[in-house]
Number of protein chains: 2
Amino acid sequence: MAKHDPDLSLLFHALSDPTRRAMLTRLASGPARVTDLAEPTGLKLPTVMRHLSVLEQAGFITTAKDGRIRTCAIVPEAMEPVRTWIDEQRAIWEARLDRLDAFVMNVIKETEE
Amino acid sequence: MAKHDPDLSLLFHALSDPTRRAMLTRLASGPARVTDLAEPTGLKLPTVMRHLSVLEQAGFITTAKDGRIRTCAIVPEAMEPVRTWIDEQRAIWEARLDRLDAFVMNVIKETEE
DNA sequence: ATCATGCTTAGCCATATTGCTAAGTATTGC
DNA sequence: GCAATACTTAGCAATATGGCTAAGCATGAT
């Protein structure tokens with residue numbers, strides 16, 4: 001498929017890892033240092049840094065360094081395109097009120113064996 | 001991070017590819033054959049099949065074969081866990097009404113240079 | 001000045017992902 | 001029967017991902 005729409009791919013990819021989702025959940029309740037985010041994961045710092053940069057490139061978090069400490073904070077608005085896409089999908093399939101698909105698929109499947 | 005929660009990873013991963021999202025959008029307006037789904041992508045059939053099986057394993061679509069034709073249909077409910085997770089995230093950060101994070105981050109960043 | 005802390009960079013390894021081609025198999029139409 | 005259609009399977013190549021270790025570089029505390 002054409003390669004526009006790079007945003008959503010970045011966003012969904014960032015969310016596709018449990019470690020990164022856990023980090024977002026942690027950050028949802030307030031900013032944290034890199035080391036603090038690393039601790040519950042059991043992962044080494046370089047690995048954690050990588051997850052954080054994926055989240056940052058997707059726009060889900062901002063980070064800034066003060067002295068030797070880098071603080072990470074969530075960017076709630078970043079979730080909007082995701083939510084919007086999902087809502088649009090729903091809008092399309094709800095435009096067809098018929099629940100015929102599932103019925104048809106079942107008929108086919110029952111015919112199968 | 002611990003490996004529970006395998007569902008969401010599957011779901012988000014499935015959505016992280018533009019070809020797969022386009023297929024879902026196409027299917028949102030009604031069931032389709034594999035070849036029909038392949039056509040607008042410009043991809044070869046085996047590649048398309050792989051995308052479809054990713055979507056099917058995630059639970060976003062059902063497929064069934066009638067004769068030599070495989071028909072694919074969307075499974076709208078499959079999107080629910082995704083939507084739920086996003087809503088939960090929002091609930092957490094909205095529980096903190098303060099918009100202090102962004103402010104703090106800005107201060108740090110301005111101090112930076 | 002020295003040392004611990006906190007991140008950062010570089011680079012390696014294993015596996016997964018996304019595309020392909022080539023060669024099947026199973027149906028349908030003539 | 002025979003050919004066209006519609007997948008399907010097997011296997012390859014390039015790149016991406018997710019983990020690590022080792023070593024580097026500031027900053028803060030003593």
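Throughout what follows, the structure given in this document is the object of discussion. Only a predicted model underlies this, so the values are computations on that prediction, with no experimental measurement involved. (Residues numbered from 1 in each chain as written. Chains lettered and ligands numbered in written order. Predicted model: local features only at pLDDT ≥ 70, side-chain atom pairs only at ≥ 80, totals over all residues. Heavy atoms only, no water.)

Focus on the protein's contact with DNA strand C
The test is simple: In this text, near means that some heavy atom of the residue lies within 4 Å of the molecule or strand in question. By the criterion applied in these results, polar contacts are pairs of N or O atoms within 3.5 Å in which, for protein atoms, one can donate a hydrogen and the other can accept it, and in which residues neighboring in sequence qualify only through two side-chain atoms. Numbering goes from the N terminus for both helices and strands, where a helix is a DSSP run of H or I of at least four residues and a strand is a run of E of at least two. For this scheme, ten residues count as nonpolar: Ala, Val, Leu, Ile, Met, Phe, Trp, Tyr, Cys and Pro. Four count as charged, namely Asp, Glu, Lys and Arg, and the remainder, Gly too, count as polar.
Looking at DNA strand C, there are 22 residues lining it, with A:T35, A:M49, A:R68, A:R70 and B:H51 nearest. Sugar and phosphate atoms represent 70% of those atoms of DNA strand C found within 4 Å of the protein. The separation between a base oxygen of DNA strand C and a polar side-chain atom of A:R68 is 2.5 Å. B:R20 has a polar side-chain atom sitting 3.1 Å from a phosphate oxygen of DNA strand C. Where the surface near DNA strand C is concerned, the elements lending two or more residues are α3 (34-38), α4 (45-58) and β3 (69-74) of chain A together with α4 (45-58) of chain B. When its residues are assigned to classes, the surface near DNA strand C shows seven nonpolar, five polar and 10 charged.

Let's talk about the protein's contact with DNA strand D
The immediate surroundings of DNA strand D are formed by 21 residues, with A:T47, A:H51, B:T35, B:M49 and B:R68 found nearest. Each atom of DNA strand D within 4 Å of the protein was assigned to sugar, phosphate or base; sugar and phosphate come to 72%. Taken together, the elements giving at least two residues each to the surface near DNA strand D come down to α4 of chain A together with α3 (34-38), α4 and β3 (69-74) of chain B. For the surface near DNA strand D, the element with the most residues is α4(A), which contributes four residues. Residue composition of the surface near DNA strand D, by class: seven nonpolar, five polar and nine charged.

Overview of the interface of chain A and chain B
To keep things clear, this is the line we draw: Pairs of residues are marked as contacts when any of their non-hydrogen atoms sit within 4.5 Å. The term salt bridge refers to a pairing of a side-chain nitrogen on Lys or Arg with a carboxyl oxygen on Asp or Glu at a separation within 4 Å.
Taken together, the contacts link 52 residues of chain A with 52 residues of chain B. Inspection of the region where chain A meets chain B yields four salt bridges. A salt bridge links A:R90 to B:E80; the nearest nitrogen and oxygen atoms lie 2.7 Å apart. Where chain A meets chain B, there are 10 residue pairs in polar contact (both at pLDDT 80 or more). For the side of chain A that touches chain B, the secondary-structure elements that each account for two or more residues are α1 (6-15), α2 (18-28), β2 (61-66), β3, α5 (80-95) and α6 (100-112) of chain A. Considering every element that reaches the side of chain A that touches chain B, the biggest residue donor is α5(A), with 10 residues. Split by residue class, the side of chain A that touches chain B holds 25 nonpolar, 12 polar and 15 charged.

Here's the deal with α4(A)
Given 3.6 residues per turn, any residue in an α-helix points the same way as the ones three and four places further on. All names here are of chain A. As a reminder, the rule being used: Each helix should span, by expectation, one fewer than its residue count multiplied by 1.5 Å. Only protein chains enter the area calculation, which uses a 1.4 Å probe; residues under 20% of their type maximum are buried, those over 50% are exposed, and those in between are partly exposed. In this context, the arc is that of the directions from the helix axis out to the C-beta atoms.
Helix length check: α4 (14 residues) gives 20 Å between terminal C-alpha atoms against 20 Å at 1.5 Å per residue, within 8%. Taken residue by residue, α4 has V48, H51, L52, L55 and A58 as its buried positions. For α4, the arc enclosing every buried residue in end-on projection is 125°, short of the 170-degree limit, so these residues lie on one face. Looking at α4, the residues exposed on the side facing more than 90 degrees away from the buried face are P46, R50 and Q57. At the exit of α4 stands G59, carrying a positive phi of roughly 95°.

Some points on the relation of the copies chain A and chain B
Rule in force here: A least-squares superposition brings the copies together, and it is based on the C-alpha atoms of residues with pLDDT no lower than 70 in both.
When chain A is fitted to chain B, the residual RMSD is 0.0 Å, and the transformation amounts to a turn of 180° plus an axial shift of 0.0 Å. The relationship between the two copies is best expressed as a two-fold rotation axis. A share of 100% of the interface residues of chain A reappears at the interface of chain B, consistent with the copies meeting face to face through the same patch.

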